Amino acid sequence: EWSTCSEPCGGKRTITRTCTNPAPLHGGATCPGSGTSEGDCSEEMCTVTCDGEKMTVTLAGEGNFEIIHLIDDATDCEFPGDTTVIETNLHECGTEIGYNTTHLYYKNEVHGIKSEEEADAGITRGDFKLPFQCAYERDGNAKGIRWQITGQTVVESVTGKGALTFLLEMYETDAYSKKIDDFPFELSLTDNLFVQVKVDSPDTTMSLGVAQLQAKDTPNETGGKSYDLVKDGCIEDSTTELVVQDKDGKALDLKMKRLNFQAFNFLNSESTIYIHAVLKVCVKDDTSCNDMCDKTRRRRRSLDEEQNEYHVFQGPLIATDALSVSGVDVGVKCSLVTTLLLVLSLIL
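Residues numbered from 1 in each chain as written. Predicted model: local features only at pLDDT ≥ 70, side-chain atom pairs only at ≥ 80, totals over all residues. Heavy atoms only, no water.

K.L.:
Honestly, the packing of aromatic side chains in this entry has me stumped. Any pointers?
P.N.:
Two descriptors summarise a pair of aromatic rings, namely the distance from one centre to the other and the angle between the planes of the rings. Inspection of every chain in the model, using the stated rule, returns 8 aromatic pairs. Aromatic side chains Tyr136 and Trp147 sit 4.0 Å apart centroid to centroid with 15° between the ring planes, which places their arrangement in the stacked category. Separated by 11 residues along the polypeptide, Tyr136 in strand S10 (residues 128-137) and Trp147 in strand S11 (residues 145-149) bring together distant segments of the chain. Comparing Tyr136 with Trp147, the two get one shared label, buried. Seen from their ring centres, Tyr171 and Tyr176 are 5.8 Å apart, and the 80° between their planes marks the pair as edge-to-face. The pair formed by Tyr171 and Tyr176 is uniform in burial state, with each residue classed as buried. Taken together, the ring pairs in this structure connect Tyr106, Tyr136 and Trp147 into an aromatic cluster. The aromatic ring of Phe65 is capped on one face by Lys114, whose charged end is 5.2 Å from the ring centroid. (Phe/Tyr/Trp six-rings, centres within 6.5 Å; stacked < 30°, edge-to-face > 60°. Helix = DSSP H or I, 4+ residues; strand = E, 2+ residues; numbered from the N terminus. Buried < 20%, exposed > 50% of the residue type's maximum accessible area, 1.4 Å probe, protein only. Lys NZ or Arg CZ within 6 Å of the ring centre and 35° of its normal.)

K.L.:
Would you take a moment to explain the environment of Ser37 for this structure?
P.N.:
In this structure, Ser37 sits in strand S2 (residues 36-40). A C-alpha to C-alpha distance of 5.4 Å links Ser37 and Ile15, two positions 22 residues apart in sequence.

K.L.:
When you look at the sheet that holds strand S7 (residues 85-89) in this model, what are you seeing that I'm missing?
P.N.:
Two pairing modes exist for strands in a sheet, parallel and antiparallel, and in both the strands are linked by backbone hydrogen bonds. Spatial ordering of the open sheet is given by S3-S4-S7, a layout of 3 strands whose pairing is antiparallel. In this open sheet, the two strands that pair with only one neighbour each are strand S3 (46-50) and S7. With direction set aside, neighbouring strand axes in the sheet form an average angle of 15°. Bridge analysis of S3 against strand S4 (residues 54-59) gives 5 bridges, and the strand direction is antiparallel. The residue bridging Cys46 from the neighbouring strand is Leu59, located in S4. (Pairing = 2+ DSSP bridges. Axes fitted to C-alpha atoms, helices over the stretch in contact; angles between N-to-C directions.)

K.L.:
For this particular structure, what's the right way to read a negative patch on the surface?
P.N.:
Taken together, Glu66, Asp72, Asp73, Glu78, Glu116, Glu117 and Asp120 make up a surface patch of like negative charges. When residues of the negative patch are assigned to their parent elements, the largest contribution, 3 residues, is made by helix H1 (residues 116-120). By the element assignment, Asp72 lies in the loop between strand S5 (67-69) and strand S6 (78-80). Owing to a relative accessible area of 33%, Asp72 belongs among the partly exposed residues under this scheme. (Patch = residues over 30% accessible without salt bridge, like charges linked within 9 Å, V, L, I, M, F, W, Y side chains within 5 Å. Areas by Shrake-Rupley, 256 points an atom, 1.4 Å probe, with all protein chains shown as cover. Salt bridge = Lys/Arg side-chain N within 4 Å of Asp/Glu carboxyl O. Lys, Arg positive; Asp, Glu negative; His and termini not counted. Charge placed at Lys NZ, Arg CZ, Asp CG, Glu CD.)

K.L.:
Would you mind showing me how to read the pairing of strand S13 (residues 163-171) here?
P.N.:
Across a regular strand the side chains alternate sides, sitting on one face of the sheet and then on the other. Of all 9 residues in S13, 9 are buried; the element is thus mostly enclosed. Burial of S13 is two-sided: the residues Ala163, Thr165, Leu167, Glu169 and Tyr171 facing one way and the residues Leu164, Phe166, Leu168 and Met170 facing the other way are all buried. Here strand S12 (residues 152-156) pairs with S13 via 5 bridges, running antiparallel. Bridging from a neighbouring strand, Glu156 pairs with Ala163 of S13. Note: S13 against strand S15 (residues 193-200), 7 bridges, orientation antiparallel. Looking at the pairing, Thr165 lines up with Asp200 of S15.

Written out as C-alpha cells, the structure is:
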C-alpha cells in the first residue's frame, strides 16, 4: 500500500515490498530490485477550495470504492463510493487543527474504501487515502489563536475542541432574508442597509455585546479615518437606535445584536467605506454584555475587558450620492473627505 502523500494533493509517496511470498528458502536469492519505490502524488488528483466556513475537495474522477469517508466516519462524514466532490465544515468530521507563527491549519483526509468487510477485518486491497488542508493567515493579535476574513473572525481554542465565530452580515431588507454577498455594494440616499453581528458558539449561556461600532475608510482595524457610531458600549451617533425585537415582536437571541442608524457619509473623500465592530462575549452569570454603556460614568474599557473583545469588519460600501458627517483620523480631529453615503440600519 502506498504511504500518505507528503503534501495535500501533491508531494511524494512511497511503497515498500517484502520478499515473503514466497520467502527465500535454503539460502536462495532474495527478490531482485529495491524494496522501496517512490512516486509522485499528482496535484491533478484533487483540488481543495477553502472559505470561511468549509473545505471542499474535488477529486479528478470517480473511484471504484464501496464508500468514501473522512477521518471521522460518522454518518454525515461518509459519501457514496463514486463521489467526486467532498465537503466538510471546518470543525467537523475529525478535522485536526494546528498552527505556527503565521498560519492556522485545518487538516483532514479522504479515505476511499474498496471493501468495508475487508477493512473491518484489518486488510486492504487498494484503499485510497488523500490528506488535504486549508490554511488561514493569523491576524497577529496576541489575544488568541485566530484568523480573519471579510465579515468573519474565528477564534480557536488551542486544543481544537471549540471555536468562536464572529459574523458581521448585511441584508437588503428588514426581513433579513436576502444577504448581501457581493462587494463592493452600492448605496443611494434612499437606501437602507440592514446589518447583523452575532457569535456562533454551542455555549447556550453566552451573550454578545457591542463595545464599538465604526465606519472606516480601510479594512484594517487600526489607522485610517473613522466615525464612531458606538464607543465604549455607548451610542455616539444621534440617529442610532438599538433593536431588541424582530419584526414579529420576538426577543433577539442573546448572541446577536442589531441597531439602526440614518444615512451618512464622510466629507470630501472618494474612498469606499467599511463597517467595523468590536464585540465582547459574556458567559454564565456575566450580564455586562446586556448594556455595556455606563451612562453615569463614561470611561474607557480596561485592558482586562479588551482581552475578551474581538474585531470583525465588512465591506466595502460605495455611495452614489452624498450626505455629510465629520470623522476622526487616528487621534487627530479633522474633517473627513468621503463621498460615500451610508443609509444603514445596522443589526447588532
